[in-house]
Amino acid sequence: MSTIFIVMTFAVPAASASLAMQTIKAYKGVNIFYNGKQLTDSNQPYVINNTTYIPLRMLMNYFGDKETTWDRINQKVVITDKASSTETALRQQLTQYQAQIAELQSKVRDLESKNTSLTNENTTLKNRISDLEDEIEELKDKNDVSLDDIEDRLDDYFEDAGDDYFGDDGIRITFTLSGDEDDLVYKATFSFSGADEYEKLTELSQSRLKSFLKAVKSKIESEIEDTDYEDADITGKAVDKSNSSYYVKYDGSTYTFSWSE
């Protein structure tokens with residue numbers, strides 16, 4: 001007995017031009033089994049002229065996970081693949097994962113931007129720390145300064161003072177410092193042994209001597225800044241090395257010349 005699949009669940013118009021109406025004898029009672037499981041229900045197959053006609057939709061529900069529809073206009077049955085629940089779930093998961101990936105990528109970009117900013121800030125802080133460390137070392141050096149150090153710097157700074165202040169590069173001037181954090185006393189000793197124009201301190205212009213001693217005080221003030229001596233009162237004098245009775249005293253505000261007393 002041959003078997004033909006037909007759709008028994010669609011309503012066919014009685015006046016259809018493409019389907020001829022005829023009277024047939026049909027027998028039901030045929031059961032369909034698949035691997036021992038009965039597939040037939042109330043919508044049973046029919047036997048017509050030794051041919052078994054089985055409802056197509058019933059089979060499609062069991063085999064291939066197909067979707068069947070009736071195209072009434074074109075008088076045809078349309079069979080399409082159903083999207084499996086697994087496939088649908090996977091597509092939904094894929095969409096969710098893609099959204100999560102996009103969100104994570106956005107967060108990564110934000111973190112990279114913050115990391116770049118933090119790196120720049122870290123570099124700036126490192127540079128600032130390095131600068132502060134240098135400043136601290138400079139302050140330590142200044143705080144550790146001794147009177148001998150200041151004497152050496154005065155000797156170097158005023159190495160050419162004979163020529164600069166008195167027009168005689170043969171005049172040599174050396175310095176000594178004494179005192180403490182409250183009072184600093186300097187002594188500028190003039191040597192004329194190599195001088196060309198002058199033989200003793202008394203021959204130098206008093207105004208030039210005042211300018212020189214003013215410059216000495218200014219230099220000492222700059223050297224003791226940020227040291228333990230920075231608040232000290234500064235006094236001093238200029239003395240002729242060959243004749244100590246020739247001197248100029250500075251008491252912090254006025255100048256006294258020994259040869260004018």
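Each remark here, short or long, concerns the structure printed above.
Residues numbered from 1 in each chain as written. Predicted model: local features only at pLDDT ≥ 70, side-chain atom pairs only at ≥ 80, totals over all residues. Heavy atoms only, no water.

Caption draft 1: Spotlight on a negative patch on the surface. Together, D148, D149, D152, D156, E159, D160, D163, D164, D169, D196 and E197 make up a negatively charged patch on the protein surface. Secondary structure elements with two or more residues in the negative patch: α3 (147–157) and α4 (161–166). At four residues, the largest contribution of residues to the negative patch is made by α3. Tracing the backbone through its elements, the reader meets D149 in helix α3. (Patch = residues over 30% accessible without salt bridge, like charges linked within 9 Å, V, L, I, M, F, W, Y side chains within 5 Å. Areas by Shrake-Rupley, 256 points an atom, 1.4 Å probe, with all protein chains shown as cover. Salt bridge = Lys/Arg side-chain N within 4 Å of Asp/Glu carboxyl O. Lys, Arg positive; Asp, Glu negative; His and termini not counted. Charge placed at Lys NZ, Arg CZ, Asp CG, Glu CD. Helix = DSSP H or I, 4+ residues; strand = E, 2+ residues; numbered from the N terminus.)

Caption draft 2: Structural view of the sheet that holds strand β12 (residues 247–250). Here we have five strands laid out as an open sheet, ordered β9-β10-β11-β12-β13, and mixed in their pairing. Since the sheet does not close on itself, it has two edges, and those belong to β9 (172–179) and β13 (255–257), each with one partner. With strand direction ignored, the average angle separating the axes of adjacent strands in the sheet is 15°. Pairing of strand β10 (residues 183–191) with strand β11 (residues 233–240) involves eight bridges; the strand directions are parallel. Among the inter-strand pairings, L184 is bridged to a residue of β11, identified as I234. The strands touched by α3 are β9 and β10; relative to β9, the strand with the most contacts, the crossing angle is about 160°. Contacts from helix α5 (residues 206–224) reach β9, β10, β11, β12 and β13, with the element oriented near 135° to β10. (Pairing = 2+ DSSP bridges. Axes fitted to C-alpha atoms, helices over the stretch in contact; angles between N-to-C directions. Contact = heavy atoms within 4.5 Å.)

Caption draft 3: Representation of the pattern of salt bridges within the structure. Using the criterion set out here, one finds four salt bridges in the structure. Linking K107 and E103 is a salt bridge whose minimum nitrogen-to-oxygen distance equals 3.7 Å. A residue pair is termed a helical-turn pair when its members lie 3 or 4 positions apart in one helix, as K107 and E103 do in helix α2 (residues 85–143) at four residues. Under the relative-accessibility criterion, E103 is labelled partly exposed at 46%. A salt bridge links R153 to E223, with the shortest nitrogen-to-oxygen separation between them at 2.8 Å. Taken together, the positions of R153 in helix α3 and E223 in helix α5 put the pair 70 residues apart, joining distant regions of the chain. Counted as one network, the salt bridges with shared partners bring together R153, K219 and E223. (Buried < 20%, exposed > 50% of the residue type's maximum accessible area, 1.4 Å probe, protein only.)

Caption draft 4: Molecular detail of the packing of aromatic side chains. Tallied over the full model, the rule gives 13 aromatic pairs. With centroids separated by 6.2 Å and ring planes inclined at 25°, the aromatic side chains of F190 and F192 adopt a geometry described as stacked. What makes F190 buried here is its relative accessible area of 0%. Counting every residue linked through ring pairs, the aromatic cluster contains Y157, F158, Y165, F166, F175, F190, F192 and F212. When the ring centre of Y157 is taken as reference, the NZ or CZ atom of K219 above it lies at 4.4 Å. Taking the ring centre of Y247 as reference, the NZ or CZ of K237 above it sits at 5.8 Å. (Phe/Tyr/Trp six-rings, centres within 6.5 Å; stacked < 30°, edge-to-face > 60°. Lys NZ or Arg CZ within 6 Å of the ring centre and 35° of its normal.)

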